[in-house]
Structures are given as structure tokens and as C-alpha cells.
Amino acid sequence: MQRDNIKCWLTDMDGVLMHENEALPGALELIVKWQKANIPYLILTNNSIHTSRDLAAMLSFAGLEVPETALWTSSLATAEFLKKQRPSGGSAFVIGEAGILTALHEAGFIITNNNPEFVVVGDTRNYSFQAISEAVQLVNQGARFILTNPDATVPTASGVLPATGAIAALITKATGKKPYVVGKPNPIMFRTALNQIGAHSEVTAMIGDRMDTDISAGMEAGLHTILVLSGITDYDEVDKYPYRPDEIIKGVFELI
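What comes next is a walk through the structure. This is a predicted model, so every value here is computed, not measured.

A word on the overall build of the protein. Helix and strand counts for the protein come out as nine helices and 15 strands. What you see for the protein is a C-alpha radius of gyration of 18 Å, in line with the 18 Å of a compact globule of 256 residues. In terms of principal-axis extent, the alpha carbons of the protein reach across some 50 × 40 × 35 Å. Restricting to contacts in the protein with at least 6 residues of sequence separation, those with at least 24 account for 68%. With 19 positive and 28 negative side-chain charges, the protein shows a separation of 7 Å between the mean positions of the two kinds.

What follows is the structure in C-alpha cells.
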């Protein structure tokens, strides 16, 4: 697919549009370009802590005015996935924060530790031994184990911190049960996003800064993939993978 044939866009947020709460070069101009031309787009993130409203406010503080409907999180994708599993509503024990709790409530789920159908683990800065122990017991009792995203660590100003994937590893080690992971690189994250904007994979591009999530999942979902070098990946890193993105650019400013 040639870039001129692209009619819809999906893009990662951190490392593509933002870095440490500041807009990256070209991010504002690209979003304005899409909005003025009424081009369908969604900003994707594996972060399940925040609601889409929270993220829209964070972007606004950085000078990027984006409606909350243009944000698609792993929490929203997880809730959408579980809603299809239980259309009339279900129950879940949740380790997480506002993002996943709000999404599940809006999908009709009851949050409970009383014989839940699912154990859902998302991002939080307040993991507790008690909650993890309860999750282990519930999974052992038959609750289905769901993970919002596989990220084992998250970078912060004070250094790398353990994230969802690391906590899930504790539960897996204790139960022998592996979770079903909804967020990137599972292509379901992209398919649910495409459904949100009524887009077809054949005319949609994915912009990301990670080969192992953004580019891998975008490729598997049949999208045109564009790797930006404004995040964690450099040219040397690309050569370590058996696949390549359709395009490699320095940053989104090259798309304006």
C-alpha cells in the first residue's frame, strides 16, 4: 500500500506524539491536519490506568486538543472483548485503576470478589500482596484470567517500574494459568480500534515506536506500518527482528 492510499490512521501515543508529557515535533500539526480533513483516526495506548477523558486532558495540557472519542486504550479494548463474551453483563475481580474499572462498569460488568467469572489485571501504581493473593485464589477456583496488556515494565522519571506483565507472571507462576492478553501486540486491539472508526485494514496505517508491539500487531492486522525513531527504537534495533515495517521515519513531522 502506498501512503497516498491511506484513508484512516491509528497511532501510538508515547514515543510517537508525546514524550514525558510534552508533544513531539509534528504531533500538533499532524492531528490538526487529520481533523481539518475529517480523516478518521485513533490514538492507541496500552496504558490501562487512565480513562480516555483523563488522557484527553493530559494531551490538552501538552497542547494537543484531541476528543476523548479519538483515544482507544487497552482498558476499552478489554471491556469490548469481555462484553462480546458476556453480552448481558458479567462479573470480574479487578486489579487496576480508573481506566479498567470505568470501562468494565460501562460494559455492564459487576466488580466483585464473590465467585467472579473473570480476573482482570491492569496497570496500577498500588499493587498489593493481598489483591494478588486473592487473584491467585480466584483463578485457581476457575475464574478466567485476563490481562489488559503484556508490558512487564513502565519507564518513569525515577526509573523503570514493574507493570502489568510482571504482576501477571506472579499469578501465572502461582496458578499455572496463563492470561489472555488483549492489548498490543494482540491484533484484537487493532481490530476493535478499526471497528470504532469504521475503518478497513486495507486503507489504514499504524504509526508506532515499538517493533514488538506496534509494528508486529499492525502487520498481523493487515495495516500499513510506519515506525518512528522518536521513541525507544533505533535503526540497529530494527535489524534484530525477522520482519520490517513498511516505512521507517525519524518522527511524525515527516508525515505532515
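Resuming the write-up.
With that settled, the discussion passes to the nonpolar core. Counting residues in each nonpolar core, the largest one holds 30 residues, and the members touching the most others are L10, L44, L82, L104, V120 and F190. Counting only elements with at least two residues in this core, the list comes to strand 1 (8–12), strand 4 (41–45), helix 3 (74–85), strand 6 (91–95), helix 4 (98–106), strand 8 (118–121) and helix 7 (188–197). Beyond its immediate stretch of four places on either side in the chain, L104 contacts A79, L82, V94, F109, I111 and V120. Within the second largest apolar cluster, 27 residues are counted, among which are V16, I31, L64 and I207.

Now for the sheet that holds strand 15 (residues 247–249). Taken together, six strands build an open sheet; the order of strands is 5-4-1-13-14-15 and the sheet is parallel. If you trace the sheet from one side to the other, it starts and ends with strand 5 (71–73) and strand 15, each paired once. Mean inter-strand twist for the sheet, computed between neighbouring axes without regard to direction, equals 25°. Here four bridges tie strand 1 to strand 4, and the two strands are oriented parallel to one another. If you follow W9 over to strand 4, its bridge partner there is Y41. Across the sheet, helix 8 (residues 211–220) is in contact with strand 1, strand 13 (204–208) and strand 14 (224–228); its angle to strand 14 comes to roughly 165°.

Thresholds applied
Residues numbered from 1 in each chain as written. Predicted model: local features only at pLDDT ≥ 70, side-chain atom pairs only at ≥ 80, totals over all residues. Heavy atoms only, no water. Helix = DSSP H or I, 4+ residues; strand = E, 2+ residues; numbered from the N terminus. Rg over C-alpha atoms; globule rule 2.2 N^0.38 Å. Contact = heavy atoms within 4.5 Å. Lys, Arg positive; Asp, Glu negative; His and termini not counted. Charge placed at Lys NZ, Arg CZ, Asp CG, Glu CD. Core = buried A, V, L, I, M, F, W, Y, C linked by side-chain atoms within 4.5 Å. Buried < 20%, exposed > 50% of the residue type's maximum accessible area, 1.4 Å probe, protein only. Pairing = 2+ DSSP bridges. Axes fitted to C-alpha atoms, helices over the stretch in contact; angles between N-to-C directions.

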